[in-house]
Amino acid sequence: MSSTVGAKSHRWRIPRAPAHEHGRTYQDLRHEIQTGDLLLFRGNRLISGWIEELSDSPYSHCAILARWDERIIAFQADLRGVEILPASTMVCKYQGKVDWWPLKPELRRAGTLDDRLLLDTALTLLGVKYAYWTLIELGLRILAGRTLNPTEAHATPDSLFCSQFVSLVYRTASHEKIRVNPAANDACTSPADFATSGFFEPRYQLFDGSAGEACRDLLKIGPDPQVHVWDGRTRRA
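Computed from a predicted structure; not experimentally measured.

**Student:** Just give me the short version of unusual backbone geometry, but keep the residues and values in it.
**Tutor:** A positive phi angle, close to 55°, is found at D69, a residue other than glycine. Counting through the fold element by element, D69 comes out in the loop between β2 (61-68) and β3 (71-78). On the basis of relative accessibility, which here comes to 66%, the residue D69 falls in the exposed class. Here A211, not a glycine, exhibits a phi torsion of approximately 55°, which is positive.

Here it is in structure tokens:
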């Protein structure tokens, strides 16, 4: 009993973003979001709990935020593969809690992150399939306490899971200055590594303030609305 409590208290030492003190929603705060900010997720699903337990962290998923003209978009590697979504839709539809972690101001002022390179890298990876087996291998490595390999492959991976994708994009867009886990390669990172890396800071937990409008279908075809998320592999007529 005591060992279980101890393990849980250790896990929750990783900071989490608080709710805004005045109850402001994502829609109220979106103008403050900048390219290169991070979303960290606390999911309600079984796989989320598995990732949280293995990584000793409240976080089970991550995504990159970017400004595209007047839109805020999010890049993630989900079960559908690497994809792009409106950030408002992600906040509204996610089954769990969504925390906003901006890049630290001093790193932004120093030009550590190249915004254009970040967008280019993330867009280039759209459609890459989800790395189920790499994620399972990471879990086995953590359980076995095996040494992690910091060496990166030069070729573009043919599959990626969430933190592997995000780590690769940040590392590339910062010319190797942002490595969230210097002792490991991209395939051996977890969402917890971003929270403990020192490159980001917890800002606010994000809530939908659109009265559900952001959860509505992205595209309507015919009389029935349907959600269509572009995964980089299919094209519309």
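From this point on, the discussion continues.
**Student:** Explain the environment of A173 residue by residue, including any values.
**Tutor:** Locating A173 in the fold gives a position in helix α8 (residues 162-173). It is 5.3 Å that separates the C-alpha atoms of A173 and D114, two residues lying 59 residues apart in sequence. When sequence neighbours within four positions are dropped, the list of residues in contact with A173 reads T112, L113, D114, L117 and L118.

**Student:** Account for the pairing of β2, naming residues and giving values.
**Tutor:** The element β2 is extensively covered by neighbouring structure, given that 6 of its 8 residues are classed as buried. Pairing between β2 and β3: 5 bridges, direction antiparallel. Along β3, the bridge assignment pairs A66 with I73. Adjacent in sequence and paired antiparallel, β2 and β3 are bridged by 2 residues, among which D69 carries a positive phi angle near 55°.

About the cut-offs
Residues numbered from 1 in each chain as written. Predicted model: local features only at pLDDT ≥ 70, side-chain atom pairs only at ≥ 80, totals over all residues. Heavy atoms only, no water. Helix = DSSP H or I, 4+ residues; strand = E, 2+ residues; numbered from the N terminus. Buried < 20%, exposed > 50% of the residue type's maximum accessible area, 1.4 Å probe, protein only. Contact = heavy atoms within 4.5 Å. Pairing = 2+ DSSP bridges.

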